[in-house]
Amino acid sequence: MIQRIDTNLQTSWQKELAMAVSDPENLLKILSIDSTYYGEKDFKARKLFPMKVPLPFIQKMELGNPNDPLLLQVMPSVSEYLEHAQFSKDPLLEQNNQQPGVLHKYKSRVLLMLRGGCAVNCRYCFRRHFPYQDNHLNKRALEQAVDYIAADNQINEVILSGGDPLMAGDDTISWLMDKLEALPQIKRMRIHTRLPVVIPNRITSELCQRFKSSSLQVVMVTHINHGNEIDSYLANKFAELKQAGVTLLNQSVLLKNVNDDANVLCELSEALFSAGIIPYYLHLLDKVEGASHFDIDESQARELIKTLLLELPGFLVPKLVREIGGERSKTPIDLRLND
Ligand SMILES: *Cc1c(COP(=O)(O)O)cnc(C)c1O
Ligand code: SF4
């Protein structure tokens, strides 16, 4: 049996957020991993992007396993110092947007960067160099963002993103929903979040109640990369969301040594569906400086999806996409099935 640490699951999400582990050596100690597997140079990489891992996520890692697929997503690594011509600080050309905190790249939907930070820092994050301080939406900026949305009747969906939008409290989210509900052209509110995966208690009953009472269709797009990220405690939280009428979708990032394997991806899809979530996107890595060691090339990704198509029902095969700065939608990858 795989051994994991125990955590108290009854504490509040704010407390769990405050208790996130930020010292790599401490993380290894908690996991009983011999620190010789990692070195000073790895630990130092947290200066490039701080380490941040909440305990409920650590609890899903295997004790003693230095290559645990969840650990690899959050553990600083000397490889982050590698420079690579194609990997830049702003791969999606997002850092000169017009309206602060608003990304309006696609016609019918607009993305609000509700909160800058996240509960977890994923080493492969394409926003690891993003100037969040300049993009945090305070209430005034949020009001201006709502005015911006109100003025464009082509927008029918508002996406809350970040950082992680669930870093905002239930009050703020409820306040924003009041505003959006008052706009006749807005049908849907979508929340892109990884927070429930790392702190399941973020799904509060107040939040579920608010979603349930909304006139908007609420969609939550979770970010889960490996089946081990889902346990029964989290699955129960997703069940509460579903009971509140929330549609659950998932996006993953294809990551070397984490989920670049057909079996792992099949198990992920199965675990998602068991928790009431439909796989939506599988993203090719955005080429951000410091993450080149996670990159999987397009031809390998195509082969993985071809295998999934043989193994899984169509609705459990995520769409393989790449985001290209300046394009008007995500770019689907041609699988070249006839080659
Ligand atoms: C990914 C993204 C969206 C959502 O795209 P979908 O294909 O509808 O999931 C919207 N706005 C921005 C800026 C995005 O990056
Ligand atoms: S949760 Fe998402 S935005 Fe936050 S660090 Fe991870 S990948 Fe980046």
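Calculation criteria
Residues numbered from 1 in each chain as written. Chains lettered and ligands numbered in written order. Predicted model: local features only at pLDDT ≥ 70, side-chain atom pairs only at ≥ 80, totals over all residues. Heavy atoms only, no water. Phe/Tyr/Trp six-rings, centres within 6.5 Å; stacked < 30°, edge-to-face > 60°. Helix = DSSP H or I, 4+ residues; strand = E, 2+ residues; numbered from the N terminus. Buried < 20%, exposed > 50% of the residue type's maximum accessible area, 1.4 Å probe, protein only. Lys NZ or Arg CZ within 6 Å of the ring centre and 35° of its normal. Pairing = 2+ DSSP bridges. Near = heavy atom within 4 Å. 1 Å grid on protein atoms, 1.4 Å probe; cavity = no way out; pocket = protein on both sides within 12 Å on 5 of 7 lines; lining within 4 Å. Sits in = over half its atoms within 2 Å of the grid points. Polar contact = N/O pair within 3.5 Å; in protein donor to acceptor, adjacent residues only side chain to side chain. Areas by Shrake-Rupley, 256 points an atom, 1.4 Å probe, with all protein chains shown as cover. Nonpolar A, V, L, I, M, F, W, Y, C, P; charged D, E, K, R; others polar. Core = buried A, V, L, I, M, F, W, Y, C linked by side-chain atoms within 4.5 Å. Contact = heavy atoms within 4.5 Å. Points joined across faces, edges and corners; volume = space filled by probe spheres on them. Patch = residues over 30% accessible without salt bridge, like charges linked within 9 Å, V, L, I, M, F, W, Y side chains within 5 Å. Salt bridge = Lys/Arg side-chain N within 4 Å of Asp/Glu carboxyl O. Lys, Arg positive; Asp, Glu negative; His and termini not counted. Charge placed at Lys NZ, Arg CZ, Asp CG, Glu CD.

> Lay out the packing of aromatic side chains with the relevant residues and their values.
Applying the stated criterion to the full structure yields three aromatic pairs. On the basis of an interplanar angle of 80 degrees and a centroid distance of 5.8 Å, the ring pair of Y124 and F294 is categorised as edge-to-face. Within this pair, whereas Y124 is found in the loop between strand 2 (109–115) and helix 6 (139–150), its partner F294 is found in the loop between strand 7 (278–283) and helix 12 (298–311), the two being separated by 170 residues in sequence. Summarising the burial analysis for this pair, Y124 and F294 share the class buried. Residues Y280 and Y281 carry aromatic rings whose centres are separated by 4.0 Å and whose planes lie at 25 degrees to one another, so their mutual orientation is stacked. In this structure, Y280 and Y281 share a single accessibility class: buried. Lying across the ring of W13, R202 places its NZ or CZ 4.2 Å from the centre.

> Explain the pairing of strand 2 to me, and be specific about the residues and the numbers.
For strand 2, the buried fraction is high: six of the seven residues fall into the buried class. Strand direction decides the pairing type here: strand 1 (residues 102–106) and strand 2, joined by three bridges, are antiparallel. Following the sheet pairing, V102 is matched in strand 2 by L112. Connecting strand 1 to the next strand, strand 2, in antiparallel fashion are two residues. Pairing of strand 2 with strand 3 (residues 157–162) involves six bridges; the strand directions are parallel. Directly across from R109, in strand 3, lies its bridge partner E157.

> Hey, could you go over the site of ligand 2 for me, with residue numbers and the actual values?
C118, V120, N121, C122, C125, R194 and H223 make up every residue found near ligand 2. Comparing atom positions with the cavity grids shows ligand 2 to sit within the largest pocket.

> Explain the site of ligand 1 residue by residue, including any values.
Surveying the vicinity of ligand 1 reveals the residues K105, Y106, R109, L111, I159, R190, Y280, Y281, E323 and K330. Between ligand 1 and R109, the relevant distance is 2.5 Å, taken from an oxygen atom to a side-chain nitrogen or oxygen of the residue. Take E323: an N or O atom from its side chain is 3.0 Å from an oxygen atom of ligand 1. In the complex, the protein chains occlude 94% of the 390 Å² of accessible area that ligand 1 would expose alone. Taken atom by atom, the bulk of ligand 1 overlaps the largest pocket. When contributions to the shell around ligand 1 are tallied by element, the ones reaching two or more residues are strand 1, strand 2 and strand 7. In the shell around ligand 1, the residues fall into five nonpolar, no polar and five charged.

> Tell me what's going on with the nonpolar core, and back it up with residues and numbers.
Within the largest apolar cluster, 97 residues are counted, with the highest numbers of intra-cluster contacts made by L27, L112 and F211. Excluding its chain neighbours within four sequence positions, the residues that come into contact with L112 are G101, V102, L137, L142, A145, I149, V158, I159, L160, S161, G162 and L176. Counting six residues, the second largest nonpolar core, distinct from the first, contains V219, V221, Y280 and V321.

> Explain the environment of R4 to me, and be specific about the residues and the numbers.
Inspection of the secondary structure assignment puts R4 in the segment before helix 1 (13–18). Considering only alpha carbons, one finds R4 and K60, 56 residues apart in sequence, at a separation of 6.5 Å. One polar contact links the side chain of R4 to the main-chain carbonyl oxygen of K60, over a distance of 3.1 Å.

> Could you give an account of the layout of surface pockets, with specific residues and numbers?
One number sums up the size of the largest pocket: a volume of about 950 Å³. Around the largest pocket, the lining comprises 45 residues; the ones closest to its centre are F126, R127, S161, H192 and Q251. Secondary-structure elements contributing two or more residues to the lining of the largest pocket are strand 1, strand 2, strand 3, strand 4 (188–193), strand 5 (217–223), strand 6 (247–253) and strand 7. For the lining of the largest pocket, the class distribution of residues is 22 nonpolar, twelve polar and eleven charged. Here the second largest pocket is characterised by a volume of approximately 220 Å³. Y38, L72, S77, N257 and H293 are, among the 13 residues lining the second largest pocket, the residues nearest its centre. The residue makeup of the lining of the second largest pocket, split by class, is six nonpolar, five polar and two charged.

> Any chance you could break down a positive patch on the surface for me, citing the residues and the numbers?
Taken together, the side chains of K41, K44, R46 and K47 define a basic patch exposed on the protein surface. Mapped onto the fold, K44 is located in helix 3 (residues 40–44).

> Lay out unusual backbone geometry with the relevant residues and their values.
In terms of backbone geometry, most residues other than glycine have negative phi values and most peptide bonds are trans. Of note, the amide linkage connecting G162 to G163 takes the cis form, showing an omega dihedral of 15 degrees. Secondary-structure assignment places G163 in the loop between strand 3 and helix 7 (170–181). A positive phi is found at S32, a non-glycine position, where the angle reads about 50 degrees. For S32, a relative accessible area of 53% translates into the label exposed. The phi angle at N257 is positive, at roughly 70 degrees, despite the residue not being glycine. With respect to the secondary-structure elements, N257 resides in the loop between strand 6 and helix 11 (262–274).

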